[in-house]
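# Overview (structure and organization)
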Amino acid sequence: MSKKLDAKIPESPLSEKWTKYRSTVPLVNPANKRSIEIIVVGTGLAGASAAATLAELGYKVKAFCFQDSPRRAHSIAAQGGINAAKNYQNDGDSVYRLFYDTIKGGDYRAREANVHRLAEVSGNIIDQCVAQGVPFAREYGGLLSNRSFGGTQVQRTFYAAGQTGQQLLLGAYSGLERQVGIGTVTMYSRHEMLEVVVIDGKARGIIARNLITGEIERHFGHAVLLCTGGYGNVFYLSTNAMGSNVTAAWKAHKQGAYFGNPCFTQIHPTCIPVSGDHQSKLTLMSESLRNDGRIWVPKKQNDTRPANTIPEDERDYYLERRYPAFGNLVPRDIASRAAKERCDAGYGVGTSKMAVYLDYAYAIERYGKIEANKKGMHNASTEEITIMGKAVVKEKYGNLFDMYKQITGEDPYEVPMRIYPAVHYTMGGLWVDYNLMTNVPGLYALGEANFSDHGANRLGASALMQGLADGYFVIPYTIGSYLSGEIRTKAIPTDHPAFVEAENKVKERINKFLTIKGKQSPESFHKRLGKIMWDKCGMARNEKGLKEAIEEIRALKKEFWSDLRVMGDADEFNPELDKAGRVADFIELGELMCMDALNRNESCGGHFREEYQTEEGEAMRDDENYMYVAAWEYEGDSKWTLNKEPLVYENIKIAQRSYK
C-alpha cells in the first residue's frame, strides 16, 4: 500500500472524531484572516456556501464561475431532495443509520470517517437552510415534510417540490451576494480556470480566462478551493448541464493532485430515454418519482400494446419482484442494471425498446382515496378520486410532470412515463484527506469535485447534503489547520516566474487549438468519445471492451491533435475554443477511467464488471484485494502510477449488499 497517502483521520472513536477534531484544530485569529486570500473556483452549492462562509469569517475571497451568474450552477438541477437524520417521522432514523445506509449504498468503498461526519452535520444543514428561507415542503401541522429515496427504509429526504437544488442554491447565493455587497468576496463570473499555480510545492493561485474578452488573468491565493462539480459529460450524453466539465480538476491532477476512483460513475435509473442522434444532453426525472411511482415492463416480449391497455396480470413489476424489501426504492445502480437487463432481454417499451414504464396510476388512486376520506366522501366516484389524486400528485411533483410532458408530448397524469438509465453523478474525483485538502498543500476539493463520501455508488439526495456540508460546516474548520501556518506568507506578486510560466503554458495550448486547422469540430470528437465511453465503460464493463476503449481513445486523441478545427480567435468570446479545451481534457480523463475500471477486477456499486457477478446477476465485490481508494498519480502522457489508500471499517460489519 502507498505510503504517500495520509488521510489525516483523527484517532478518536468514530462518533467523537469530528467533535474532538474541530475543537482542537488550529485557528486563525480574526485580524490575521483579513490578510489571507482564498480562491474559490465554482459557485454551485459547495462553492457558494464555502465562499460565503469563509468571507463571513473574515477571509478575503475571490470566487470564479464560468456562468454569467452563480445562480446558473448545475446544482439547480438536483430536483428530488436533501437527506438529513432528523427522525421527524419517528420511524427509526438516526445519525448512525444515515451513516450506515450511505456506506452500504456506496458498496463499502467510501471512507468511514468522512461519511460519519457527513451524517453528523446533516441536521445542521436543514436548520441553516430554513433560517435562510428555503421553502421546504411542510406537513399540515407545520413540521418539515420528508419523502423516501432509494437505498433507505426511512423517510429522511427534505424537499421543495421538484426544485430542491434550485431553492438551496438560492439560499447559498443570497449569502454569497451579501458578502459580495460588503466587499469581502470579489466575484468573477464568465471566467474559466485553466491552470493551478504551484510555488514551492503549494497551491498559490490560478490562471483564468475571461470568457467574454479572451483575456488571460493571474490570481494569487493563499489557498485554492476547487468546487467545480463532476465529470459525467465525459460520456457526452448525460444529465449534466452542457457546460459541466472536468478541466479545473484535471489541471490540478496534472499539477500533482491524485485522482481518486475515476471509474466510479453513477448511472441514474429515471431519465427520459434518448430520442435520436440530434440530442446533446439528457433530461433527468427525479428519483423522488420512484417514491410513489411503480416501475414495470410487459411480461410478454416485444409487446406493442399501449401501456394502459395491458392488464395487471400481464405486467412485471420487476423491482418489487426481485427486491421485495426495498421494491422500487433500491439504490440507483441496482435499479439501473435491472432496467438494462429487462430491455436487453426484449421486454423494453417505446419505439426504441430501450425504456421501461414509471407508472403513477396507483399513486393517483391512493392519494385520491385519502383525500375523499378526509372530506367524508365515502362513495366517491372513480372520476372524483382521480381528480383529487392528480391534485395531490401535482402539488408534490407538478413541475417534473410538466417537464416530462413538454419534452415527450405525453401526459404522465394519463399514461405511464417511459424512463431509461443515463449517466448522472461521478463518485470519483480529486483525492482529499479528512480536511478536504488534496495531496498538493493548499489545494482543496469540495462537493462532487472530490471522491470522499459516496464510495462506488451515491444514494439519492446525498449530493446536495455533501456539497453544503463541505461548504458550510467542514471547510471553515479544516482550512484553519493549513492557513494557521500561512499567516506570515505575504501575498505573492503575480509577476512571480511561476505565474508567468503557468500563463505561457495556457497561451501555448490555446494557440495550438487555433493553429491545427484541421477539419473536425470539438463537438464531433466529444460525441465519438462519449460513444466509446458509454459502450465500453458505461453501465457494464469487461476486460476486452476496456482494453479496446483505451486503444480507441488513444487513437482519437492523436486524431484530435492533428485534425481539430477551432473557428475564431483567442482574444474574443469563443465558445468553440472553450469547448476544445474541455474535450481535450475529457479525452485524457476517459483513458484514465478505462484504466481504473480495468484495474479493478471486481464489481461494486456503479462499477459493474461483467466477469464478476453472482448467479443472480448482482455485483460481486473482492474485499480482500480491492478494499482501497485508487488514487492515480499523473506521470506524463498516458502514464499514471496507482497509489492505494486502504479502507478500514471499524464500526460497520462488511457484508454482501442485499436489498431483498
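For the structure, check the block above.
Residues numbered from 1 in each chain as written. Predicted model: local features only at pLDDT ≥ 70, side-chain atom pairs only at ≥ 80, totals over all residues. Heavy atoms only, no water.

## Focus on the side chain of R156
Inspection of the secondary structure puts R156 in the loop between α5 (112-132) and β4 (157-158). There is a polar contact of 3.0 Å between the side chain of R156 and the side chain of D101. Not counting the four nearest positions on each side in its chain, R156 is found in contact with I82, N83, A84, D93, R97, L98, D101, N146 and R147. (Helix = DSSP H or I, 4+ residues; strand = E, 2+ residues; numbered from the N terminus. Polar contact = N/O pair within 3.5 Å; in protein donor to acceptor, adjacent residues only side chain to side chain. Contact = heavy atoms within 4.5 Å.)

## Here we look at empty space enclosed by the protein
Counted under the stated rule, the structure contains three cavities of 30 Å³ or more. Here the largest cavity defines a volume of roughly 50 Å³. As for the largest cavity, its lining consists of N233, Y236, N240, A241, M242, S280, K281, H526 and K579. In terms of residue class, the lining of the largest cavity is made up of three nonpolar, four polar and two charged. (1 Å grid on protein atoms, 1.4 Å probe; cavity = no way out; pocket = protein on both sides within 12 Å on 5 of 7 lines; lining within 4 Å. Points joined across faces, edges and corners; volume = space filled by probe spheres on them. Nonpolar A, V, L, I, M, F, W, Y, C, P; charged D, E, K, R; others polar.)

## Looking at unusual backbone geometry
A positive phi angle is found at D107, which is not glycine, with a value near 55°. Within the secondary structure, D107 sits in the loop between α4 (95-105) and α5. Overall, the relative accessible area of 2% leaves D107 in the buried class. A positive phi is found at D200, a non-glycine position, where the angle reads about 50°. Position of D200 among the secondary structure elements: in the loop between β6 (191-199) and β7 (202-210). (Buried < 20%, exposed > 50% of the residue type's maximum accessible area, 1.4 Å probe, protein only.)

## Side note on the sheet that holds β7
A sheet is described by the order of its strands in space; here three strands give the open sequence β6-β7-β8, paired in antiparallel fashion. Looking along the sheet, the strands with just one partner apiece sit at the ends: β6 and β8 (216-220). Across the sheet, the mean angle from the axis of one strand to that of its neighbour is 25°, orientation sign disregarded. Sheet topology places β6 next to β7; eight bridges connect them, and they run antiparallel. Across the sheet, the residue bridging to H191 is N210, located in β7. (Pairing = 2+ DSSP bridges. Axes fitted to C-alpha atoms, helices over the stretch in contact; angles between N-to-C directions.)

## Observations regarding the pairing of strand β11 (residues 265-271)
Of all the seven residues making up β11, seven are buried; the element is thus mostly covered by neighbouring parts of the structure. With four bridges connecting them, β11 and strand β15 (residues 417-426) associate as antiparallel partners. Within the sheet, the bridge partner assigned to C271 lies in β15 and is Y420.

## A closer look at the sheet that holds strand β14 (residues 356-359)
Spatial ordering of the open sheet is given by β11-β15-β14-β12-β13, a layout of five strands whose pairing is antiparallel. Unpaired on one side and paired on the other, β11 and β13 (315-316) mark the two borders of the sheet. Bridge analysis of β14 against β15 gives three bridges, and the strand direction is antiparallel. Bridge assignment links L358 to a residue of β15, and that residue is M417.

## A closer look at the nonpolar core
Grouped together as the largest cluster of nonpolar side chains are 188 residues, with contacts concentrated most on I82, L225, Y444 and I479. At 12 residues, the largest contribution of residues to this core is made by helix α16 (residues 575-599). Not counting the four nearest positions on each side in its chain, I479 is found in contact with I38, L54, Y59, A223, L225 and Y444. Counting seven residues, the second-largest nonpolar core is a separate cluster that includes I310, V349, A355 and Y357. (Core = buried A, V, L, I, M, F, W, Y, C linked by side-chain atoms within 4.5 Å.)

## A closer look at the environment of P646
Here P646 shows up in strand β19 (residues 639-646). A residue is classified by how much of its surface remains accessible, and P646, at 39% relative accessible area, is partly exposed. Remark: the alpha-carbon pair of P646 and R109, spanning 537 residues in sequence, is separated by 9.9 Å.

## Topic: the packing of aromatic side chains
Describing an aromatic ring pair means giving the distance of the ring centres and the angle of the ring planes. With the rule as written, the count across this model stands at 27 aromatic pairs. Relative to W561, the ring of F560 has its centre 5.2 Å away and its plane inclined at 85°; by these criteria the two rings are edge-to-face. On the accessibility criterion, F560 (0% relative accessible area) is buried. The class for W561 is partly exposed, based on a relative accessible area of 22%. Seen from their ring centres, Y626 and Y628 are 5.9 Å apart, and the 40° between their planes marks the pair as tilted. As far as the burial class goes, Y626 and Y628 line up, both buried. What links up through ring pairs into an aromatic cluster is the set Y231, W250, F259, Y634 and W640. One cation-aromatic arrangement involves K104 over Y659; the distance from NZ or CZ to the ring centre is 4.3 Å. R315 extends its terminal NZ or CZ atom over the ring of W296, reaching a point 4.1 Å from the ring centre. (Phe/Tyr/Trp six-rings, centres within 6.5 Å; stacked < 30°, edge-to-face > 60°. Lys NZ or Arg CZ within 6 Å of the ring centre and 35° of its normal.)

## Focus on the side chain of Q520
Relative to the helices and strands, Q520 resides in the loop between α13 (497-515) and α14 (522-537). Classification of Q520 by relative accessible area gives buried; the value is 18%. When neighbours within four sequence positions are excluded, Q520 is seen to be in contact with F525, R528, E559, D563, L564 and R565.

## As for the layout of surface pockets
Considered as a void within the structure, the second largest pocket measures approximately 870 Å³ in volume. If you go around the second largest pocket, you meet 31 residues; those closest to its centre are L237, V274, S275, G276 and Q279. By residue class, the composition of the lining of the second largest pocket is 16 nonpolar, 10 polar and five charged.

## Re the pattern of salt bridges
Opposite charge on two side chains makes pairing possible when the charged atoms of those side chains draw close. Summed over all chains, the structure comprises 54 salt bridges. For D292, the salt bridge identified is with R366, shortest N-O distance 2.8 Å. Taken as a pair, D292 in the loop between β11 and β12 (294-298) and R366 in helix α10 (residues 361-374) lie far apart in primary sequence, 74 residues in all. Here D292 falls in the buried class, since its relative accessible area comes to 9%. A residue is classified by how much of its surface remains accessible, and R366, at 41% relative accessible area, is partly exposed. A single network of salt bridges, built from pairs that share partners, joins D107, R109, D333, R337, R600, E602, R621, D623 and R657. (Salt bridge = Lys/Arg side-chain N within 4 Å of Asp/Glu carboxyl O.)

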